[in-house]
Amino acid sequence: MNQMQTEKKRELKIFLFITVVLFPLLSIALVGAYGFSIWIYQLLFAPRIF
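The sections below set out a description of the structure shown in this document. (Residues numbered from 1 in each chain as written. Predicted model: local features only at pLDDT ≥ 70, side-chain atom pairs only at ≥ 80, totals over all residues. Heavy atoms only, no water.)

**So, the overall build of the chain**
Item 1. The helix and strand tally for the chain stands at one helix and zero strands.
Item 2. For the chain, the C-alpha radius of gyration of 21 Å lies well beyond 10 Å, the compact-globule estimate for 50 residues.
Item 3. Based on the C-alpha atoms only, the size of the chain along its principal axes is roughly 75 × 10 × 5 Å.
Item 4. Expressed as a percentage of the 50 residues in the chain, the buried residues total 0%. (Helix = DSSP H or I, 4+ residues; strand = E, 2+ residues; numbered from the N terminus. Rg over C-alpha atoms; globule rule 2.2 N^0.38 Å. Buried < 20%, exposed > 50% of the residue type's maximum accessible area, 1.4 Å probe, protein only.)

**Brief notes about helix H1 (residues 3–45)**
Item 1. Across its 43 residues, H1 extends 59 Å between first and last C-alpha, which sits within 8% of the 63 Å expected from 1.5 Å per residue.
Item 2. The N-capping residue of H1, defined by a side-chain oxygen 3.3 Å from the backbone nitrogen of methionine 4, is asparagine 2. (Expected span 1.5 Å × (residues − 1). Polar contact = N/O pair within 3.5 Å; in protein donor to acceptor, adjacent residues only side chain to side chain.)

**Structural notes on the environment of leucine 44**
Item 1. Examined against the element boundaries, leucine 44 turns out to sit in helix H1.
Item 2. By relative accessible area, leucine 44 is classed as exposed at 53%.
Item 3. Counting along the chain gives 38 residues from leucine 44 to threonine 6, while the straight-line C-alpha distance between them is 54 Å.

**Notes on the pattern of salt bridges**
Item 1. Counted under the stated rule, the structure contains one salt bridge.
Item 2. Residue arginine 10 pairs with glutamate 7 through a salt bridge whose shortest N-O separation is 3.9 Å. Placement of both arginine 10 and glutamate 7 in helix H1 is noted, with a separation of three residues, approximately one turn of the helix.
Item 3. Owing to a relative accessible area of 30%, glutamate 7 belongs among the partly exposed residues under this scheme. (Salt bridge = Lys/Arg side-chain N within 4 Å of Asp/Glu carboxyl O.)

See below:
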């Protein structure tokens, strides 16, 4: 194999890793962090009902 073919395989592996693993995990973490921040905000600043 020449240099060009090995580079294309490497780029394909990196692309698949980013699209299949990294972006889904980042989106789940982002949505979770947003929900957690809303929960903490409501815990601290919501009006008390007693």
